[in-house]
Structure formats: structure tokens, C-alpha cells
Amino acid sequence: MVTRVEAEHATVFQDLLLCAEGLEAYLAELAVLAVSIAGAAEVRGCSIVIERPRRQRVAGDSDARAGRMAEPVFAAGGPGAEAITEGTSVVVTDAWTETRGGAFPGTAAEEGLRSMAAVPFALEDGARGVLCFYSPRQHLFQPGMLRTAERIAAEASGTLCLALRLDGQMHRARNLQAALESRTVVDLAVGIIMGQNGCSQQAAVEILRSVSNTRNVKIRSVAAGVVAAVSERVSTHFDE
């Protein structure tokens, strides 16, 4: 059964998504909100990292210090990377005495942070993500505080899944638009070459391919040059 607090948090997560200008902006705002929800004065920052198949890693941080911590924490051998790979929570009780590999203990000392907890989100379609809290207090993330971190990640997972779906749809739409524009400019160039050389469509395509291979540039770039040479007024833009 959903509690009143969980319902309130879900509403805030949804409001953030509606107002955010893109996925990275949403993750940054979510990281700020997570620190607030944690409710402990000793929690001084949060980083969120998402990995998806065939897409670049995307991240958001609550502040600049969290951003500096995220790089070594989520690098190979770091606790954030371990949490993503294993799908389980990882706690560092005192980063200054941490013996595992990676650069994060040194960065933690430089930033005045001693403990951290990296907890996974429950995502879909092969996506993996982790929310990582930082604190200047050693041994902060004992079982009670760790459960709080895990609860925040669980509550945020539903809206985060929606954010990833929306971003995926926008990504596919941009790819489709680029493909349509590329196909259009190539078709225009083929028609121009056919008219100039009195050749067949296949012969015109082969001319474009030959120039593309010789110059080691994409065929769309060659086609765009052909079209531009004839008229700068030709447009291949598709309105959304």
C-alpha cells in the first residue's frame, strides 16, 4: 500500500519531469531533491548515473562537488560502478581508509567527504542506474540510513523509467528526421546528376558513391555539396 509520504514524493518526481528541459536536467534536479528527501544534515551531495544499451551514459549531480566525486566513484573499480554492475547497494564507511582500487579515496579526501552509499534504481529495457549519496561523516550509512537511500531510489524509479522512455522516443524521432533529410538530399543530388549527365539513376548513385569513397566523406555530405552548387534555396528540413 502506498503511503501518503510516498504519494507526495511521486507527485514531486512527476512535477520535476514535467518542468525539466531534457533528461540530464531532470537527473540533476532529481539529485538535488534526493538530498532534501534524505533528511539528514550530514548528506552533502548526490550523483545519479544511468547506462542504457547502445546509448551514452547520462548523469546528473546535485552540485559541483558531487560532480567531481562522480567521475572516480563511477569509474572502473569505484563503488558506483560496482553498484551498477552488480545491481546491489554498495556502502563505503570511510573513503579515507578505503583500500579498493581507483581514484575515489583521494578525491574524497580532497573534497572532505568520508562515506557514501550507492544504491540501484529499478529500471527497464536493459537500463541500469545508481543513486549515490555522499557525506563528510564516516559510517553515516548504517542500516537505517541505507534503507532510507534505497527507499528514495525505489520511489524515484517509476518516474525515472518514464523519463527514459520519453528520452528514447525523442532520440528515435531525431534519428528518423535525420534519416529522412539525408535520403531527401541524396535523392535531390541524384536527380541533379542525372539531368547534368544524361545518365540513369543507378549511374548517378554510383557517381556519388565514387566521390564519397575517394574523398572519404559520407555520401550525404557529397550530395549536399551537389545540391548547394545548384541552388542554395533548396531545403531538406522537415518541420516537427
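Below or above, wherever it landed, is the structure these notes cover.

A few points about unusual backbone geometry
Positive phi values are uncommon outside glycine, yet R54 reaches one of about 60 degrees. Position of R54 relative to the elements: it lies in the loop between β1 (45-51) and β2 (58-61). Taking the relative accessible area as the measure of exposure, R54 reaches 81% and is therefore exposed. Unusually for a residue other than glycine, D125 sits at a positive phi of about 60 degrees. Along the chain, the position of D125 falls in the loop between β4 (115-120) and β5 (128-135).

Comments concerning the side chain of S62
Here S62 lies in the loop between β2 and α3 (64-73). In this structure the side chain of S62 is engaged in a polar contact, spanning 2.9 Å, whose partner is the backbone nitrogen of C46. Within polar-contact distance, the side chain of S62 engages the side chain of D63 at 3.0 Å. Not counting chain neighbours up to four residues away, the residues in contact with S62 comprise A28, A31, V32, V35, G45 and C46.

A closer look at the nonpolar core
The biggest cluster of nonpolar side chains holds 38 residues, and the ones touching the most others in it are Y26, I48, I50, F121, L131 and F133. Among the elements of the structure, α1 (4-19), α2 (23-38), β1, β4, β5 and α6 (143-197) are those that each provide at least two residues to this core. Residues in contact with I50, not counting those within four places in the same chain, are L27, R57, V58, F121, L123, R128, G129, L160 and L164.

A word on the sheet that holds β2
The strand order across the open sheet built from five strands is β2-β1-β5-β4-β3, with neighbouring strands paired in antiparallel fashion. Pairing within the sheet leaves two strands with one partner each, and these edge strands are β2 and β3 (90-92). Strand-to-strand, the axes of this sheet are offset by a mean angle of 10 degrees, without reference to chain direction.

Looking at the packing of α6 against helix α7 (residues 201-215)
Packing of α6 against α7 brings their axes to within 9 Å, and their N-to-C directions diverge by 110 degrees. With respect to α7, the axis of α6 lies roughly perpendicular. When you trace α6 past α7, the crossing you get is right-handed. Along its contact with α6, which presents V186, A189, V190, I193 and M194, the element α7 presents Q201, A204, V205, I207 and L208. Looking at the contact of α6 with α7, its residues break down into nine nonpolar, one polar and no charged.

Rules and cut-offs
- Residue positions are given per chain, counted from 1 along the sequence in the order it is written.
- Restriction of local features to residues with pLDDT of at least 70 applies here, the model being predicted, together with a cutoff of 80 or more for giving and counting side-chain atom pairs; totals for whole chains, interfaces and linings are based on all residues.
- Side-chain numbers here rest on the full set of heavy atoms in the structure, without hydrogens or water.
- By the criteria applied, helices consist of DSSP H or I runs no shorter than four residues and strands consist of E runs no shorter than two, each listed in order from the N terminus.
- Accessibility here uses a 1.4 Å probe with only protein chains present; expressed as a share of the type maximum, an area under 20% marks a residue as buried, one over 50% as exposed, and anything in between as partly exposed.
- Side-chain atoms alone can form a polar contact between residues adjacent in sequence; in general such a contact is a pair of N or O atoms within 3.5 Å, and within protein one must be able to donate a hydrogen while the other accepts it.
- Here, residues are in contact when the closest pair of their heavy atoms is within 4.5 Å.
- The definition of a nonpolar core used throughout is a set of buried Ala, Val, Leu, Ile, Met, Phe, Trp, Tyr and Cys residues joined through side-chain atoms within 4.5 Å.
- When DSSP finds two or more bridges between a pair of strands, those strands are recorded as paired.
- Every angle, taken between N-to-C directions, lies between 0 and 180 degrees, and every axis is a line fitted to C-alpha atoms, over only the stretch in contact when it is a helix.
- Each angle receives one of four descriptions, namely roughly parallel if under 35 degrees, roughly antiparallel if over 145, roughly perpendicular if within 65 to 115, and oblique otherwise.
- Left-handed describes a crossing whose near helix is turned anticlockwise from the far helix through less than a right angle; right-handed describes the clockwise counterpart.
- Note on residue classes: Ala, Val, Leu, Ile, Met, Phe, Trp, Tyr, Cys and Pro are nonpolar, Asp, Glu, Lys and Arg are charged, and everything else, Gly too, is polar.

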